[in-house]
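Structure at a glance
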Amino acid sequence: MSFMFNPYPYDDPNAINHVSISPDIRESVTRDTGATARRVLKDAQKIIAEKGRCVLGIDGYVSAPIDRFRGMVELLGAAEGVTVRCISAAGLYLPEEELHDKLLPYLPEDRETDPPLLYGRLYDKGIEGLMDPEKIEQTAKSLRNFAESSKGLLLLWGSGALIDALLPLCDLRLFIDMTQKRTILNIKNGSAGNLGYTERRSPTEMIRHSYYVDFEALMPHRGRLAREGKIDYYLTGDDPEHIQSLSIPALKALFGAMVQQPLRCKPVYIEGVWGGFYVKRLRNLPEEMKNCAWVFDLIPMEVSIVAEDSGLSLEFPFYFFVQLIGEQLMGKKAHEKFGGYFPIRFNYDDTYHASGNMSIQCHPDGDYVRKNNGELGRQDESYYMVVAGQEAKTYCGFRRDADVEEFIEKARRAEKYGEGFDHDQYVYSEPSRPGMQFLIPAGTIHASGRNQVILEIGSLTIGSYTYKMYDYMRKDLDGNLRPIHTYHGDKVLRRDFREPWVKENLLQQPRVLREGDGFVETVVGEHDLLYFSLHNVRFPERYTDEATDRFHVLVLVEGEKCLIRSLNDPSKYFAQNYLDMVIVPAGFGPYEVINEGVGVITMHKTLLKDGFENE
């Protein structure tokens, strides 16, 4: 799994949560940019009528159409005879050269250890750390002077406009949000850059910066503003022509209603050099897509979530949803244990009828990734075989007799000189068949072979650290050699994870956990090194379960369609199709899963294992 450098510009119309939105909320939502600007101007005029003046703070996520919205408010204000002044929050930031030097510890430029400069360290100094204290004070002084002696409307606009020093000086406060996919697409089309920067660098540089710095600066800022009710309106910014607005009480009420039922996120689809065609055909993805390598169905930082009712559709970054409603979604213990982050990530890797394997790779342990990247913990993964075609196989661990140091030396020579070698002499593989579950603790050498679809489930890391050890001297879709990270891979590679140990520990035989009226639930993967547990439930007609203190993630891996429905309140349900990933929130209580198609169902179920909070 990797950062979302190349999301395909496609919005899946089927990934929608049908929610009963109360009439009060539905009627209070503005539907387009003009209506939203008129609402904001009307509120500002009320404040002007009372005080003679109004300071409007318009904050937003990086790449949000803040300037465009500001222009709309200014235009409408002029038409209404309102005197409007503007101050840009862009003036708060440090000079770009100084900002570059300050961020070097977070965005290192060491091409010896990281040749393509993919990795960094999570920025931890807050959005104010990117700003000049003197400029903050000058802006605060301007706002105070306006409040004391001026009339009309002052617009303070731009990312960071509502920092702590300026927020109390604003009479009306907005935040325009963006999904991560749209942010990355905006960076790639040249319409957006990074916080504090006017120059445009290469897309790879700006996207790395976006993840390690911009996200880390703006994510807690946005969450705090909304959680503490410090903004008056939350605005959706993905479509500049249809910026919608909700009050914070309405937003919290909507999220509260959403978390009462099973939920599905909106996937992101990504082409790749080893990409296959199974999911592309299944989900009717655009014909123009070269292939579909990754399907980010539930990568918490990347995906969005859509609520729809009676023609009203609202889309939010899933992580913002987690920021506001995380404890109810995940459960109290999980919320506390993982610091408010959704702790498991899910995606599909599709090599079905593809031209080759995924890269031979490994991931870091907790000590390494905390020290080098400021991460929260180790990167563990697992592969569940959903579809396996002819000659499909999965790599996991080293062969019994492999000379690992020789493998590493050959991998380095491949990286440096383009000398290929036979990786099968060193890396152990098993023929794949549907239903196999591989566990991949940090440090395990592994890869998905060609001609299969795997459900990948991993532990929490904000970034993603895939150290490619060997990639067959393959070029990416842009014609560039794919990045290799033998330096980091060598540091974290578990030389002792070999064939016998893999067979005993990482490729487990299912064990029956419980049996009921026509169903069997088995544990297909569980290990001390992983904090989540992987189950399968097979049933012809129906089974019951209960989500109390922990959430469940259900993936329909065999069968056509199911209904996931509350036993206490049948109006709370989700109609699930083949390969949909559905979150059953903690506290959902007893529920039933009903087979609404033909044949026997296999439901893959992931949950935090017993005692996870003590690990």
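Since the structure is predicted, the reported quantities are computational estimates derived from the model, not experimental observations. (Residues numbered from 1 in each chain as written. Predicted model: local features only at pLDDT ≥ 70, side-chain atom pairs only at ≥ 80, totals over all residues. Heavy atoms only, no water.)

1. Some words on the sheet that holds strand 10 (residues 304-309)
Cut-off, in case you're wondering: Two strands pair if DSSP finds at least two bridges between them. Helix and strand definitions here come from DSSP, where helices need a minimum of 4 consecutive H or I residues and strands a minimum of 2 consecutive E residues; each element is numbered from the N-terminal end. Between two residues, a contact is recorded if the distance between any of their heavy atoms is within 4.5 Å. Lines fitted to the C-alpha atoms define the axes, with helices restricted to the stretch that makes contact. Angles between their N-to-C directions range from 0 to 180 degrees.
Here three strands make up an open sheet; going across it, the order is 1-10-11 and the pairing mixed. Lying at the two open borders of the sheet, with one neighbouring strand each, are strand 1 (17-18) and strand 11 (312-317). For strand 10 and strand 11, the ladder comprises six bridges, and the chain directions are antiparallel. Within strand 11, the residue paired with Ala307 across the bridge is Leu314. Sitting on the sheet, helix 8 (residues 248-258) touches strand 10 and strand 11, and the angle it makes with strand 11 is about 90°. On the sheet, helix 10 (residues 318-330) packs against strand 10 and strand 11 and is oriented at approximately 85° with respect to strand 11.

2. Considering the pattern of salt bridges
Rules: Salt bridges are identified by distance alone: a Lys or Arg side-chain nitrogen within 4 Å of an Asp or Glu carboxyl oxygen. Think of it in three bands: with a 1.4 Å probe and only protein chains considered, a residue is buried below 20% of the maximum accessible area for its type, exposed above 50%, and partly exposed in between.
In total, this model carries 40 salt bridges according to the counting rule given. A salt bridge links Glu592 to Arg542, with the nearest nitrogen and oxygen atoms 2.6 Å apart. Here Glu592, found in strand 29 (residues 589-595), pairs with Arg542, found in strand 24 (residues 542-547); they are 50 residues apart in sequence, far enough to count as distant. For Glu592, a relative accessible area of 7% corresponds to the buried category. A relative accessible area of 39% places Arg542 in the partly exposed class. The closest approach of N and O atoms between Asp569 and Lys572, which form a salt bridge, is 3.3 Å. Overall, the relative accessible area of 23% leaves Lys572 in the partly exposed class.

3. Considerations on the nonpolar core
What tends to happen in soluble globular proteins is that the nonpolar side chains get buried as a cluster. Worth spelling out the cut-off: Here, the term nonpolar core denotes a set of buried Ala, Val, Leu, Ile, Met, Phe, Trp, Tyr and Cys residues that are joined through side-chain atoms within 4.5 Å.
Formed by 191 residues in total, the largest nonpolar core has its most connected members in Leu153, Phe318, Leu329 and Phe407. Here this core takes eleven residues from helix 7 (residues 203-227), the largest share from any one element. Sequence-distant contacts of Phe407, defined by excluding residues within four places in its chain, comprise Ile360, Phe398, Phe421, Tyr426, Val427, Ile445, Met469 and Leu493. Judged by nonpolar contacts, the second largest core, of 17 residues, contains Tyr543, Cys562, Tyr591 and Val593.

4. Remarks on unusual backbone geometry
Although it is not a glycine, Asn284 adopts a positive phi angle of roughly 50°. Position of Asn284 relative to the elements: it lies in the loop between helix 9 (278-282) and strand 9 (294-298). Non-glycine residue Ser310 carries a positive phi angle of around 50°. With respect to the helices and strands, the residue Ser310 is situated in the loop between strand 10 and strand 11.

5. Brief notes about the packing of aromatic side chains
Heads up, the rule is: To pair, rings of Phe, Tyr and Trp, with the six-membered ring standing in for Trp, must have centres within 6.5 Å; the planes then decide the type, stacked if under 30 degrees apart, edge-to-face if over 60, and tilted in the middle.
Scanning all chains against the criterion turns up 30 aromatic pairs. Arranged with centres 5.9 Å apart and planes meeting at 75°, the rings of Phe407 and Phe421 form a pair that is edge-to-face. Note that Phe407 is positioned in helix 13 (residues 404-417) and Phe421 in the loop between helix 13 and strand 16 (427-431), a separation of 14 residues in sequence. Accessibility assignment for this pair places Phe407 and Phe421 in one class, buried.

6. Some points on the packing of helix 7 against helix 10
Put simply, the rule reads: By the definition adopted for this analysis, an angle is roughly parallel if under 35 degrees, roughly antiparallel if over 145, roughly perpendicular if from 65 to 115, and oblique otherwise. Take the far helix as your reference; a near helix turned counterclockwise from it by less than a right angle gives a left-handed crossing, and one turned clockwise gives a right-handed crossing. Each residue is assigned to one class: nonpolar for Ala, Val, Leu, Ile, Met, Phe, Trp, Tyr, Cys and Pro, charged for Asp, Glu, Lys and Arg, and polar for all the others, Gly among them.
Direction vectors running N to C along helix 7 and helix 10 enclose 45°, while the axes themselves pass 9 Å from each other. With respect to each other, helix 7 and helix 10 are oriented oblique. In terms of crossing hand, the pair formed by helix 7 and helix 10 is right-handed. Contacts from Phe215, Met219, Pro220, Arg222, Gly223, Ala226 and Arg227 in helix 7 reach Tyr319, Phe320, Gln323 and Leu324 in helix 10. For the contact of helix 7 with helix 10, the residue count by class is seven nonpolar, two polar and two charged.

7. Examining the side chain of Thr461
Applicable threshold: We define a polar contact as two N or O atoms separated by no more than 3.5 Å, with the added condition that, inside protein, one atom must be a possible hydrogen donor and the other a possible acceptor, whereas residues neighbouring each other in sequence contribute only through side-chain atom pairs.
Checked against the element boundaries, Thr461 lands in the loop between strand 19 (452-459) and strand 20 (467-470). Given the relative accessible area of 6%, Thr461 is considered buried. One polar contact links Thr461 to Gln379, side chain to side chain, over a distance of 3.5 Å. Excluding residues within four positions of it along the chain, Thr461 makes contact with Arg345, Glu375, Gly377, Arg378 and Gln379.

Read these as layout, nothing more, since geometry by itself doesn't imply function.
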